Structures are given as C-alpha cells and as structure tokens.
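Each chain is listed here by its residues.
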Amino acid sequence: MTEQKIAADVISAENEKRAGALNSDYAALREKLARNNIDIDAVTKQVAEFFVAVPSWGVGTGGTRFARFPGLGEPRNIFDKLEDCSVINELTRATPAVSLHIPWDKADPKDLKAKGDALGLSFDAMNSNTFSDAPDQAHSYKYGSLSHVDAATRAQAVEHNIECIELGNAIGSKALTVWIGDGSNFPGQSNFTRQFERYLASMADIYKALPEDWRLFSEHKMYEPAFYSTVVQDWGTNFLIAQTLGPKAFCLVDLGHHAPNTNIEMIVARLIQFGKLGGFHFNDSKYGDDDLDAGSVEPYRLFLVFNELVDAEHRGVKGFHPAHMIDQSHNVTDPIESLISSANEIRRAYAQALLVDRTALEGFQSDNDALMATETLKRAYRTDVEAILAEARRRAGGAIDPVATYRASGYRAQVAAERPAVRGGSGGIV
C-alpha cells in the first residue's frame, strides 16, 4: 500500500470546495473547444498521461554565489527529499519520478528502492557531480574533471559516473545526465582542441559502461564556472558529442543554459530532426542560468518549445521519447510550492500545444501567410486550459488546486517540527 504524506480526506475536502466551479469551467471550455472540433476529454487524457520528473535537490532551499537562506523543515537526507517529492506527486499527479544527484543522494540502493516503492515513486535519470569536490576524493576538480590534463583526475571522474550508472541500474533508472563545469577563465589557459579530445575520450569510457537499455545525456551550458571558455558550451558542441559517442548518446536541453533571446525552440527542432534530442531540464531565466520557476518569466517560449514537441508527436517521428525533468533553485519560495507550480505550468504548455490546429498551420506556412500562421499559435496559447489541468489532476486522485491544498494540509509546519533547523549564512547554490 502506498504511503500518503497528504491525507486523502484533506484532498477530498479541498476538492469538494472547488468541484462546482471546476464543473462549470470544464463544461464551458468543452463547448468552446467543440466549435473547433476538439474533444476536450481526449486532450485531458493526454495531459493526464504527461509526466515530468522532479529533482531531488529541488526540494531544498537553493541560494546564490553570495548567500543561502535555509527554509523551515528542509530535508536532511535523500529519504526526507523523497517524502517531499511524494507530496508534489500526490497533489499534482504529474511527477511520479525523481532524479537523483550523486554523491549528495548516495544511499543503499535497496533502501532507496524500498522508500520509492512505499511512496509510489520511481527514479528518473541519474546525475553525476564532477563540478565540485567530495570530502573524500583523491583528486580535485578545480581545473576540470572529464577534460582535466591529469589522467588520474579524469579516471576518477569517469569512475564516479560509472558508479552513478551502477546505482541507477539497481533502482530502475534508465539514463545518466552528465554536466561538467570544465573550461577556462583566461585566454591561453587551455588548449581548446586537446581539452575537447580528453573530454570525448572520457565520455567514451562512460558510454561503454552503459547498460543496453540506457541513454546518456550530455548537457551544454555557455558559462559558469568557466567564463572565458566552456568545454560543452552550446548545442552544436553537444550534438557533436552525441553523434561521436553513438546511438545511446543524446543532447539534454536546459532552458536556462542559453544566452538571452536564443531561439531555443529552433534548437529543439534541429535536435529532433537529427534524432539527438534526449530531453529537458525545465526552468526559466531572465539573464542566463537563473534556475527560475518554469513559466515564470517566458511562458510563451515554454509553449513554443512544446509546439515543437507536439509537432514531432503529430508527425510520428521515429524513436521520439524525450525525458522531461524540472531543474530549479528556489531561494525565496517554499520549494514544494514552486515545484507544484512548475509542474502545472509545464503541463499547461503541453495542453496549449495540443490545441494548435496543425492542418491550418501547415496551410498558412505553405502559403507564406506569416500573420495567420502566428495567429494560429497565439489562438492556442491564449486559450485558458486551467480547467483541463485541474480535471486531469482530479481524475487521477490529485488536487483541483494543489498549492491551496498543500497549504491546508499543514505539511510544511509538520516537517519543520520534525526536522532540525538549518543555520544560514553559507554561500553557494547547493
């Protein structure tokens, strides 16, 4: 029997307060969509079957380079993190998988699997960490990891990634995400070509250790902590990596890992076209890698990304099954509330993209009718799909209003009483 962190009667009572309004809103939207020959129940079913993984590190309070201000009831270990993650899924019914970060989440795989099973959670892609030093490691990553000039340091980084694969395989994960901070901060500090050659050789060693049914996701980021040059700095380099390594290697797109105003949806289209889109880290940004809540700054961009994903589904692209995960840092909000909100915004973008009239859009594109083509997208984007999202949650046993229900449950106060307060004043994002 699945362990419930939010009592079923709390969800039921909160839903009862809102059921009448939802019924009315859903009926009105049904009528509106029917005029465009759209079956609202079919869309609701598709939305209910769309899931996004939550990051284990996301349920803790984040920070900046300058300071971190801990919140109440912060998780003390991976098992507390899993309990917080289960709350998000109980209320949204959209996040049944958790992505772990090693070594922070390292534990006995039997214990991890048992806890996940008890909470109704599975495990998504594993994430390695060679961008900071663990207390007991022999070689520092200050000057790089997989591309380090020292062979022993590279071997240590490779071994860590293989360890992540082995742990993930024991708990049911099927992918490894690799992001490194390798690069340089001064001209002449590194030989660009040799550095990349070392990286590719290290990644090839990791690739060889993949189980047959696993995928390897490489993640690009234009800067930080390497500000002059970064080894995996953009989607083109990322594509070269995936193409070089082999058919189990794919590109992971983090929405925040791009320069402002970059056309991310076109990058997504290119990676789909050439069969190398592995998945996403969803978040939002204003300046760079801000790790803001998904849809908080540029919801239209999020919709345009999903327009490309739904287009690929519509065209029946072979082997198309990208992974979806949230990757955010929560500095001023309750992390659980932010992740609930983000899961909802991601589903919202998907629902809106499902409403795009693909036949009309293709016709306008063929006729070079730019105005009507963009209006076709905007018409879908402007549709208020909240009733679809809420009904999808309700039908799956979740909350009509998940944030309000979370607050009514008193969960944060409960865990704050059980988990010792964390002292503030530290710097760093994690």
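Residues numbered from 1 in each chain as written. Predicted model: local features only at pLDDT ≥ 70, side-chain atom pairs only at ≥ 80, totals over all residues. Heavy atoms only, no water.

**Overview of the side chain of glutamate 90**
Part 1: Mapped onto the fold, glutamate 90 is located in helix α3 (residues 78-92).
Part 2: With no salt bridge to any partner, buried glutamate 90 finds its closest opposite charge in arginine 93, at an N-O distance of 6.1 Å.
Part 3: Only 2.8 Å separates the side chain of glutamate 90 from the backbone nitrogen of isoleucine 6, close enough to count as a polar contact.
Part 4: Those residues in contact with glutamate 90 that sit more than four places away from it in its chain are Glu3, Gln4, Lys5, Ile6, Ile11, Gly397 and Gly398. (Helix = DSSP H or I, 4+ residues; strand = E, 2+ residues; numbered from the N terminus. Buried < 20%, exposed > 50% of the residue type's maximum accessible area, 1.4 Å probe, protein only. Lys, Arg positive; Asp, Glu negative; His and termini not counted. Salt bridge = Lys/Arg side-chain N within 4 Å of Asp/Glu carboxyl O. Polar contact = N/O pair within 3.5 Å; in protein donor to acceptor, adjacent residues only side chain to side chain. Contact = heavy atoms within 4.5 Å.)

**Description of the pattern of salt bridges**
Part 1: Overall, the coordinates contain 31 salt bridges when judged by the stated rule.
Part 2: Here arginine 348 makes a salt bridge to glutamate 345, at a shortest N to O gap of 3.1 Å. Of this pair, arginine 348 and glutamate 345 both sit in helix α10 (residues 335-354), 3 residues apart, which is roughly one turn of the helix.
Part 3: On the accessibility criterion, arginine 348 (17% relative accessible area) is buried.
Part 4: Measuring nitrogen to oxygen at the nearest pair gives 2.7 Å for the salt bridge that ties arginine 348 to glutamate 386. Of this pair, arginine 348 sits in helix α10 while glutamate 386 sits in helix α13 (residues 386-395), and the two are 38 residues apart along the sequence.
Part 5: Given a relative accessible area of 28%, glutamate 386 falls into the partly exposed group.
Part 6: Here the residues in one salt-bridge network are Arg30, Asp41, Glu391, Arg394 and Arg395, joined through shared partners.

**With respect to the sheet that holds strand β2 (residues 97-99)**
Part 1: The strand order across the open sheet built from 3 strands is β1-β2-β3, with neighbouring strands paired in parallel fashion. For this open sheet the edge positions go to β1 (54-55) and β3 (122-123), each flanked by a neighbour on one side alone.
Part 2: As paired strands, β2 and β3 are joined by 2 bridges and run parallel to one another. The partner of alanine 97 across the bridge, within β3, is serine 122. (Pairing = 2+ DSSP bridges.)

**What to know about unusual backbone geometry**
Part 1: Put simply, isoleucine 102 and proline 103 share a cis peptide bond, and its omega is 20°.
Part 2: Relative to the helices and strands, proline 103 resides in the loop between β2 and α4 (109-119).
Part 3: Put simply, glutamate 224 and proline 225 share a cis peptide bond, and its omega is 5°.
Part 4: With respect to the secondary-structure elements, proline 225 resides in the loop between β7 (215-219) and β8 (229-230).
Part 5: One non-glycine residue, asparagine 261, lies in the positive phi region at around 75°.
Part 6: Note that asparagine 261 resides in the loop between β9 (249-254) and α8 (264-273).
Part 7: Within the chain, asparagine 368 stands out as a residue other than glycine whose phi angle is a positive 55°.
Part 8: Here asparagine 368 shows up in the loop between α11 (358-366) and α12 (370-381).

**A word on the environment of glutamate 308**
Part 1: Along the polypeptide, glutamate 308 turns up in helix α9 (residues 299-315).
Part 2: Judged by its relative accessible area of 22%, glutamate 308 is partly exposed.
Part 3: Spatially, the C-alpha atom of glutamate 308 lies 38 Å from that of valine 10, the residues being 298 residues apart in sequence.
Part 4: Setting aside residues up to four positions removed in sequence, glutamate 308 forms contacts with Glu265, Val268, Ala269 and Ile272.

**Remarks on the UniProt feature "domain: Xylose isomerase-like TIM barrel" (unreviewed entry) in the protein**
Part 1: Here the UniProt-annotated "domain: Xylose isomerase-like TIM barrel" (unreviewed entry) positions come out as residues 97-291.
Part 2: With 36% helix and 16% strand, residues 97-291 has its two end C-alpha atoms placed 20 Å apart. (UniProt positions renumbered as here; feature names shortened; annotations may be inferred.)

**A word on the sheet that holds strand β10 (residues 277-282)**
Part 1: Spatial strand order, β4-β5-β7-β9-β10-β11: 6 strands in an open sheet with parallel pairing. Of all strands in the sheet, those with a lone pairing partner are β4 (126-127) and β11 (323-326), marking the two edges.
Part 2: Relative to strand β5 (residues 175-178), β4 is paired through 2 bridges, and the arrangement is parallel. Of the residues in β5, the one forming a bridge with methionine 126 is leucine 176.
Part 3: The sheet strands contacting α8 are β9 and β10, and the helix crosses β10 at an angle near 155°. (Axes fitted to C-alpha atoms, helices over the stretch in contact; angles between N-to-C directions.)

**Brief notes about the pairing of β7**
Part 1: The buried count for β7 comes to 5 of 5 residues, which makes it a mostly enclosed element.
Part 2: Burial along β7 is two-sided: the face carrying Arg215, Phe217 and Glu219 and the face carrying Leu216 and Ser218 are both buried.
Part 3: Where β5 and β7 come together, 4 bridges link them in parallel fashion. Looking across to β7, one finds that alanine 175 is bridged to arginine 215.

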